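# Fold and geometry: a report
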Amino acid sequence: MPPKKVVEEEKLGPWALGRFSSNLKVGLVGMPNVGKSTLYNALSNCSIPAENFPFCTIDPNSTRVHVPDDRFDWLVEHHKPKSVVQPFLEIVDIAGLVKGASTGAGLGNAFLSHIKAVDGILHVMRAFDDADVIHVEDRVDPVGDIDIITSELRIKDLEFMNSHREKMNKEAQRAAQNPQMAKAHKAEMETVLKIIAWLDSGKEIRNGMDQWGTGDIDHLNTYQLLTAKPVIYLVNLTSKDFKRKKNKWLVKIHEWVKEHGGGTIIPFSGSFEFELQVTPDDQKKQFQVDQEMQTVLPKIVKTAFAMIHLIYFFTAGSDEVKAWCIRKGYKAPQAAGAIHTDFERGFICAETMGFEDLKELGSEAECKAKGKYKQEGKTYVVHDGDVIFFKFNVTAQKKK
């Protein structure tokens, strides 16, 4: 008898953590008065408060910003459609956290719940001295700020998990009465204890991907823990430091991030972005040339979009060119559902061509002639930049 085939468990990456939805958003997080609202204003061109006192932001402000994409621009130029719908990312400005937020300090608990509602974190920190801009800790230390914020999120996660463990302990006797429930209860308790031990050791959930199996990931995505969310670190510099690409804190920030699982660091200048924002549109390009600096807002938006594992596919023709946001890993029927639930329910097939093939060959007809236009079924995983035409039958009944 041949040896039994060993099925290896799929190795999961950070993409496996989080909500599987196309309606995802990121939040600007940091200490009070580090430049979050200034950055938000620049990203959104919204005039929300950005005053010099802690907690000037109380309720979270939200905006949708366009995601720059040369592929989308090419499709618009190619088809010259009657209407266009650009890809977008939802960004939320969350009020500043302070030390002790996990126990209610400042406006702590409410804001921690606001963080729980987003899918990724843009961690803004201040790396400049300015006597006119108050720092809630009465000092400028971006590394200390990261430590405070990260610790508060981890403490809140630990509090949640300990509470969940207590709840499960109370349910243990009832679960034991049913073999299936008992098995599920035992498996989840193992995950719970593993998570608590990890958090107790001072580590964030997102940095334990080699620790979590498929079952652990399923539970983690139910808990939606704060330290499971991906992070980009945004360092607010003076215009002078941003221009010369030097600041005494940058190396220390890089070392901290490297020691805590790594991540993307993007320096920016809130003061420069503000000045650029109030510059007339027809003068913005020249203003950047004159200042010898370039805005990093497009880089922030594109990096944040990728951070929460969003991709998009295109529907394109003479009537409309549109980018549809979906979560990485979506199969063709799920992607069709982003357009309309009927498309998913009555899914027949997806006719696809890669954007690069379309651009290289010049037309849909040429893609068909060269075998680059393909019909894909229900198991097809949609790729970023696919140009898709869905076939569906709305009278098809969903199989029971």
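Placed above this text is the structure.
Residues numbered from 1 in each chain as written. Predicted model: local features only at pLDDT ≥ 70, side-chain atom pairs only at ≥ 80, totals over all residues. Heavy atoms only, no water.

Following both chains from N to C, one finds helix α4 (residues 142–175) and helix α8 (residues 250–259) inclined at 30 degrees, their axes separated by 9 Å at the closest point. Relative to α8, the element α4 lies roughly parallel. Contacts between α4 and α8 involve P142, V143, I146, D147 and T150 on the former and, on the latter, K252, I253 and W256. Among the residues making up the contact of α4 with α8, the classes are represented as five nonpolar, one polar and two charged. (Axes fitted to C-alpha atoms, helices over the stretch in contact; angles between N-to-C directions. Helix = DSSP H or I, 4+ residues; strand = E, 2+ residues; numbered from the N terminus. Parallel < 35°, antiparallel > 145°, perpendicular 65-115°, else oblique. Contact = heavy atoms within 4.5 Å. Nonpolar A, V, L, I, M, F, W, Y, C, P; charged D, E, K, R; others polar.)

Time to look at helix α6 (residues 214–223). By the burial criterion, the buried members of α6 are D216, I217, L220, N221 and Y223. All buried residues of α6 project into a common sector of 155 degrees when viewed along the axis, lining one side. Q224 occupies a position one or two residues after α6 and carries a positive phi of about 50 degrees. (Buried < 20%, exposed > 50% of the residue type's maximum accessible area, 1.4 Å probe, protein only. Arc of directions from axis to C-beta.)

Moving on to the pairing of strand β8 (residues 310–316). The buried count for β8 comes to six of seven residues, which makes it a mostly enclosed element. Bridging between β8 and strand β9 (residues 320–327) involves seven bridges; their strand directions are antiparallel. Each residue of the ladder has a partner; that of T315, found in β9, is K322. Where β8 folds back onto β9 in an antiparallel hairpin, the turn is made up of three residues. (Pairing = 2+ DSSP bridges.)

This part is about unusual backbone geometry. Despite not being glycine, N33 has its phi angle at roughly 60 degrees, a positive value. Of note, N33 is situated in the loop between β1 (25–29) and α1 (36–44). Judged by relative accessible area, N33 falls into the buried class, the value being 13%. One non-glycine residue with positive phi stands out, namely Q224, at about 50 degrees. In this fold, Q224 is placed in the loop between α6 and β6 (231–236). By relative accessible area, which is 16% here, Q224 ends up buried.

On to empty space enclosed by the protein, then. Per the stated rule, a full pass over the model turns up two cavities of 30 Å³ or more. Around the largest cavity, the lining is made up of 16 residues, and of these L17, G18, R19, D119 and Q224 lie nearest the centre. Residue composition of the lining of the largest cavity, grouped by class: eight nonpolar, four polar and four charged. Taken together, I121, H123, I149, T150, L153, E204, R206, T227, V231 and Y233 form the lining of the second largest cavity. Sorting the residues of the lining of the second largest cavity by element identifies β5 (120–126), α4 and β6 as the ones contributing at least two each. The greatest single-element share of the lining of the second largest cavity, amounting to three residues, is contributed by α4. The residue inventory of the lining of the second largest cavity, partitioned by class, reads five nonpolar, three polar and two charged. (1 Å grid on protein atoms, 1.4 Å probe; cavity = no way out; pocket = protein on both sides within 12 Å on 5 of 7 lines; lining within 4 Å. Points joined across faces, edges and corners; volume = space filled by probe spheres on them.)

Looking now at the sheet that holds strand β2 (residues 61–66). Spatially, six strands are ordered β2-β4-β1-β5-β6-β7 in an open sheet, and the strand pairing comes out mixed. Two strands lie at the open edges of the sheet, namely β2 and β7 (264–268), each paired on one side alone. Taken over all neighbouring pairs, the strand axes of this sheet differ in orientation by 25 degrees on average, direction set aside. Where β2 meets strand β4 (residues 88–93), six bridges bridge the pair, whose relative direction is antiparallel. From the neighbouring strand, V65 faces β4, where its bridge partner is L89. α1 rests against β1, β2, β4, β5, β6 and β7 of the sheet, and its axis sits at about 40 degrees to β2. Of the strands in this sheet, β1, β5 and β6 touch α4, which is tilted by about 145 degrees from β5.

Two elements in contact, helix α9 (residues 270–278) and helix α10 (residues 284–291), have axes separated by 9 Å at closest approach and are oriented at 145 degrees. Crossing hand, α9 versus α10: right-handed. Listed contacts from α10 to F272, E275, L276 and Q277 of α9 are K284, F287, Q288 and Q291. Looking at side-chain class alone, the contact of α9 with α10 contains three nonpolar, three polar and two charged residues. (Left-handed = near helix turned anticlockwise from the far one by under 90°.)

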